[in-house]
Structures are given as C-alpha cells and as structure tokens.
Amino acid sequence: MTSPTGPTGTDQSSSPRRLGAAFLGLLHSHVELFGIELQEQKARTVRLLLFAGLALVFALLLLIGLSALLLILVWDSYRLTGIIGLCGLYTLAALFCAMRLKAAVFDESSPFHSTLEELANDRERLMP
C-alpha cells in the first residue's frame, strides 16, 4: 500500500527543501541588489565629493579675487567700510550655508531604497 504522499515519502521532505531553496534564492537576489546599490552609492559619493571640493576651491579663488578687487577700488575713501561690509557678507553667507548643511544632514533619504522596497514586497507576498 502506498501513502498519499507517494511511494517513498519524498514529497514531504522535498517541500521544506523547496522552501529553503526559495528562501535562499530570495536572500541571494537581495544581497546582490544590496551590493549593486552599495557600489552605485560609493561611486556617487566619490563623484559628489570630488566636484564639491573643486567647486569649493574655485569659489574661494573667485571670492579672494573679488574681495581684493573691491578693496582696491574703495581703498582710498571707504577702506574701513569696505572691510566691514565684506566681513558682514561672509558671515551671513557662512550662517546660511551652515543652516542648509544642518538641514541636509537631518533630511537624509535612505540610500538603499530599492532593497528595502523589495524586502517589503517579499514580506507581503509571503505573509498570508
């Protein structure tokens, strides 16, 4: 007499194996996606830092040049006013940039959005 699961009972033992294989397949695809996103994030970060550094260097060179030009133009009659005005302008610009930097740091979006989204989709599919 044969059992309802088959003559050797292999259907009962293959079900956990298939479930395990499916779980490992999902895990593998998520780890692979995470690795790809990590590489993309690293390349993006390096590119952003490079261009931010270059922009900062050129902006400082421009600022020094324009400040020197302004001071040369007003040196004879408004020397102290020109220096105080430039210092006030630089202070306001520094405060503005500091506030924007603080807002950008605390308003950070998730760098692994696709991985988290796929994990949420899988959880919804697996839950009854």
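Quantities reported herein were computed from a predicted structural model and do not represent experimental measurements. (Residues numbered from 1 in each chain as written. Predicted model: local features only at pLDDT ≥ 70, side-chain atom pairs only at ≥ 80, totals over all residues. Heavy atoms only, no water.)

## Digging into the overall build of the protein
Now for step 1: Helix and strand counts for the protein come out as three helices and zero strands.
Now for step 2: When the helices and strands of the protein are read in sequence order from the N terminus, they spell out α-α-α.
Now for step 3: Long-range pairs, those at least 24 residues apart, make up 60% of the contacts in the protein with a sequence separation of at least 6.
Now for step 4: Put simply, the protein shows about 11100 Å² of open surface, and 71% of that area lies on carbon and sulfur atoms. (Helix = DSSP H or I, 4+ residues; strand = E, 2+ residues; numbered from the N terminus. Contact = heavy atoms within 4.5 Å. Areas by Shrake-Rupley, 256 points an atom, 1.4 Å probe, with all protein chains shown as cover.)

## Brief notes about the UniProt feature "transmembrane region" (unreviewed entry) in the protein
Now for step 1: This chain's UniProt record puts "transmembrane region" (unreviewed entry) on residues 48-74 and 80-99.
Now for step 2: Each end of residues 48-74 is marked by a C-alpha atom, and these two atoms are 38 Å apart; helix forms 100% of the span and strand 0%. (UniProt positions renumbered as here; feature names shortened; annotations may be inferred.)

## Some details on the environment of Glu 37
Now for step 1: Mapped onto the elements, Glu 37 comes out in helix H1 (residues 10-74).
Now for step 2: Each C-alpha atom, one on Glu 37 and one on His 113, is 8.9 Å from the other, the two residues being 76 residues apart in sequence.

## Focus: the side chain of Ser 67
Now for step 1: With respect to the secondary-structure elements, Ser 67 resides in helix H1.
Now for step 2: In contact with Ser 67, not counting residues within four places along its chain, are Leu 86 and Tyr 90.

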